[in-house]
Amino acid sequence: MDISIKTFGELKKSGYKPTSVKEEIRRNLIKKLQKKETSFPGIIGYEDTVIPDTERALLSRHNILFLGLRGQAKTRMARQMIDLLDEYIPIVEGSEVNDDPFHPLSRYARDLIAEKGDKTPISWLPASARYGEKLATPDVSVADLVGDIDPIKAANLKLSYADERVIHFGIIPRSNRGIFVINELPDLQARIQVALFNILQEGDIQIRGFKVRMPLDILFVFTANPEDYTNRGAIVTPLKDRIESQIITHYPKSVENSLLITEQEADIHEEQLGKVQIADMVKRLIEQVAFEARSSEYVDKKSGVSARLTIAAYENAVSAGERRAIINKEKETHVRIADLQAIIPAITGKIELVYEGEQEGPLQVAHNLLDKSVRTLFASYFPNPDSFKKKKQAAPVENPYRSVIQWFDKGNSLQLLQDISDKQYDTALGKVEGLKELVKARFPQAGNREQLLLMEFVLHGLASYSLISKKVAENETRFSDLLGTMMNFSMGSEEEPDDEL
């Protein structure tokens, strides 16, 4: 389209044919599908579920409700629909409601076209300006969404309140010929939701006592959390009935997809990228925390566990490594298992606890989730310690962890301070008899840093299986023998007992 066109007459001669926004989106989506282009780039894990459902809804020219727990890319899906709009559309210059010159809606546009005819000035509206979004809150009014009489405009123009020109249009009429999104729809008061009935069904608006017939051309997209139906508010039934497609969103179904989302969304500083390395195993531990939280009896499943948890946790883990490198004046380092204590603040603020969890406390629940993640992932890298506890076996199998456990049984302990240098970290882990040999036997190709990380992982793993004791203080992690710790506790030691998983 030639955006150099400036008048209505020129627009007519160009052969421009106006279409509705839903037809426009349908046409552009068909082109993308024909070219096998991704209609919603950057949305991971929805390729076989939410995206096809959304494409079908758009092809059907439906208004859409995305229903799902927090952190499931509902708003992002809506915002990406901008890419399905034409690059520019012509509007009557100066129009508040993006009037189509061929079918003007407002009094302003009708009067201007009646006065100037083919000389009516035309301006071009970019796709980015055709998107409106409103977060539903209890204080949102009908005037905000639809419009109201503006007494100041009436006074300035010396018009009576009976004149249509005194109307101040709300955000919905101003989104005419575009996409309008209402986030958290159940939070909108019921009487406000009722004001949307006519807009969705008949396409017109009602403002005060005016008999205004404005067949608005809008694609509506709503988002809602299922918990909102019983917790804060509800979507009134007639409104739900007018929203043609309800699409259920979900969390990533695999750790691989979750990893891709976190790496895509995490905001890692350029300096950190060059200084801090984070192993795939550590990344998987972080993702596993979210999976454990979603199945934990302490976490409220109805509220969900947002993908923002793992994104924030990933950023914290990298920053923990960077902070230690700065303190020790090291040019580079890698994220250790102990550094994952730094992700606790990212967990505690992003999980809603049920009553039992509240009794445990958010800090303790976060530690439990981290320990469960270690336990779950440990068996993917090393033999499951439980398999060596079985007494009856066809052929006795040598326990690969025996020498490590025996070293602790002799009364030895290992203290790993949070901020020790890489050299001190190496020296400390090297003291544990049999630990390095165990890792070498299992991962002969691992480099020195990978070996050290795996050695530390073994200690955390054995502790998660209650074969050795682990105590986490403010700035240290201490490993010791389990029996000695239990005896000290029974004798009135100030040390606390292990938290069993």
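Our structure's up above, just so we're on the same page.
Residues numbered from 1 in each chain as written. Predicted model: local features only at pLDDT ≥ 70, side-chain atom pairs only at ≥ 80, totals over all residues. Heavy atoms only, no water.

## A closer look at the packing of helix α20 (residues 422-430) against helix α22 (residues 448-464)
Orientation of α20 relative to α22, taken along the N-to-C sense of each, is 55°, at an axis distance of 10 Å. Taken together, the axes of α20 and α22 are oblique relative to one another. The crossing of α20 and α22 is left-handed. Along the contact surface, α20 presents D422, Y425, D426, L429 and G430, while α22 presents N448, R449, L452, L453, M455, E456 and L459. Among the residues making up the contact of α20 with α22, the classes are represented as 6 nonpolar, 2 polar and 4 charged. (Axes fitted to C-alpha atoms, helices over the stretch in contact; angles between N-to-C directions. Helix = DSSP H or I, 4+ residues; strand = E, 2+ residues; numbered from the N terminus. Parallel < 35°, antiparallel > 145°, perpendicular 65-115°, else oblique. Left-handed = near helix turned anticlockwise from the far one by under 90°. Contact = heavy atoms within 4.5 Å. Nonpolar A, V, L, I, M, F, W, Y, C, P; charged D, E, K, R; others polar.)

## Some details on the pattern of salt bridges
Applying the stated rule across the entire model yields 24 salt bridges. We note a salt bridge from R324 to D339, for which the minimum N-O separation is 2.7 Å. Of the two residues, R324 is situated in helix α15 (residues 307-327) and D339 in the loop between β11 (333-334) and α16 (344-348); the sequence distance between them amounts to 15 residues. Classification of D339 by relative accessible area gives buried; the value is 1%. Of the charged contacts, one joins E433 and K410 as a salt bridge, the two residues approaching to 3.9 Å between their closest N and O atoms. Of this pair, E433 sits in the loop between α20 and α21 (435-442) while K410 sits in the loop between α19 (402-409) and β12 (414-417), placing them 23 residues apart in sequence. Residue class for K410 comes out exposed when judged on its relative accessible area of 60%. Each of the salt bridges in this network shares a partner with another, and the network as a whole consists of E332, R336, D422 and R449. (Salt bridge = Lys/Arg side-chain N within 4 Å of Asp/Glu carboxyl O. Buried < 20%, exposed > 50% of the residue type's maximum accessible area, 1.4 Å probe, protein only.)

## Some details on unusual backbone geometry
A positive phi angle, near 60°, is found at K36, a position not held by glycine. Mapped onto the elements of the fold, K36 is located in the loop between α2 (21-34) and α3 (50-59). K36 gets classed as exposed once you look at its relative accessible area, which sits at 76%. Of note in the backbone geometry, A73 takes a positive phi value of approximately 65° without being a glycine. On the secondary structure map, A73 appears in the loop between β1 (64-67) and α4 (74-79).

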